[in-house]
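Understanding the architecture of this molecule
Below, each chain spelled out in residue letters.
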Amino acid sequence: EVVGLIADQKLQDNLSADAVKETPVVMVLKETPFYGEAGGQVGDTGTISGKGFEFKVEDTQKDGELILHLGTLTSGKVNTGDQATATVDADRRAGIRRAHSATHLLHHALHITLGKDAVQRGSKVEQDQLRFDFSHKSAVTSEELIQIEDEINRCVSLGEGVDTQMMDLADARNLGAMALFGEKYPDRVRVVQMGDFSVELCGGTHLANTGQVGFCKIVSEE
């Protein structure tokens, strides 16, 4: 159900494609399968359509508890209260899932190769590519990069299951779940575990098993 419409930075009861044309529009649904950008993972894209309208979702963001679908009303007229079908771009989402699971494997490989002082400071997870920010006492050598890449792909080849579960923060820490330094977490957290080599607090989208990553290549370090 469409519960909110914003155009020209104002709440609107209805919008027509002819009136807004290229004007950026924000649509809010009562429920949504779209992932709002968070935890380094980019927001989903896709379409939201209903009787008499089509909306192209070009980005999805979070604002507090709200999931904001940003995009263009490409045809028709939409009213708050209208029923809609939300369709995520499945190919893009699949690529994001591959990159996000690979990010966790990279984090594990850094600890195996460089040690636990290689601390994550951030990341950006996109379709089939990722950037991982971390602090370390020295630059990573070319030999270490090869070792890191080999360890990631060893974990990929194992095809271990990727399991997610909600649990109390204290239980997650006892399990050894890694958290992003400086982040504040609620009392109940989502834990993503890959085989016996990776346990992290994470709210993002992931694969069913590590083998679905396919292959991971480190293209640069700086």
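Calculation criteria
Residues numbered from 1 in each chain as written. Predicted model: local features only at pLDDT ≥ 70, side-chain atom pairs only at ≥ 80, totals over all residues. Heavy atoms only, no water. Pairing = 2+ DSSP bridges. Helix = DSSP H or I, 4+ residues; strand = E, 2+ residues; numbered from the N terminus. Axes fitted to C-alpha atoms, helices over the stretch in contact; angles between N-to-C directions. Contact = heavy atoms within 4.5 Å. Parallel < 35°, antiparallel > 145°, perpendicular 65-115°, else oblique. Left-handed = near helix turned anticlockwise from the far one by under 90°. Nonpolar A, V, L, I, M, F, W, Y, C, P; charged D, E, K, R; others polar.

The next subject is the pairing of strand β10 (residues 129–135). The pairing of strand β9 (residues 119–126) with β10 spans seven bridges and is classified as antiparallel. Bridging across to β10, Ser 123 finds its partner in Phe 132. Counted along the chain from β9 to the antiparallel partner β10, the turn is two residues long, and its residue Asp 128 has a positive phi close to 60 degrees.

Further remarks concern the sheet that holds strand β12 (residues 188–194). Strand order in the open sheet made by the three strands is β11-β12-β13, with antiparallel pairing throughout. At either end of the open sheet lies a strand with only one pairing partner, and these are β11 (162–168) and β13 (198–201). Each adjacent strand pair in this sheet contributes to an overall mean axis angle of 25 degrees, direction not counted. Relative to β13, β12 runs antiparallel, the two sharing four bridges. Within the sheet, the bridge partner assigned to Gln 193 lies in β13 and is Val 199. Packing against the sheet, helix α2 (residues 90–114) makes contact with β12 and β13, and its axis sits at approximately 75 degrees to β12.

At a minimum axis distance of 9 Å, the contact between α2 and helix α3 (residues 142–158) shows a crossing angle of 130 degrees. It follows from the interaxial angle that α2 and α3 lie oblique. Of the two elements, α2 crosses α3, and the hand of that crossing is right-handed. Contacts between α2 and α3 involve Leu 105, Leu 106, His 108, Ala 109, Leu 110, Ile 112, Thr 113 and Leu 114 from the former and Glu 144, Gln 147, Ile 148, Glu 151, Ile 152, Arg 154, Cys 155 and Val 156 from the latter. Classifying every residue of the contact of α2 with α3 by side-chain character gives 10 nonpolar, three polar and three charged.

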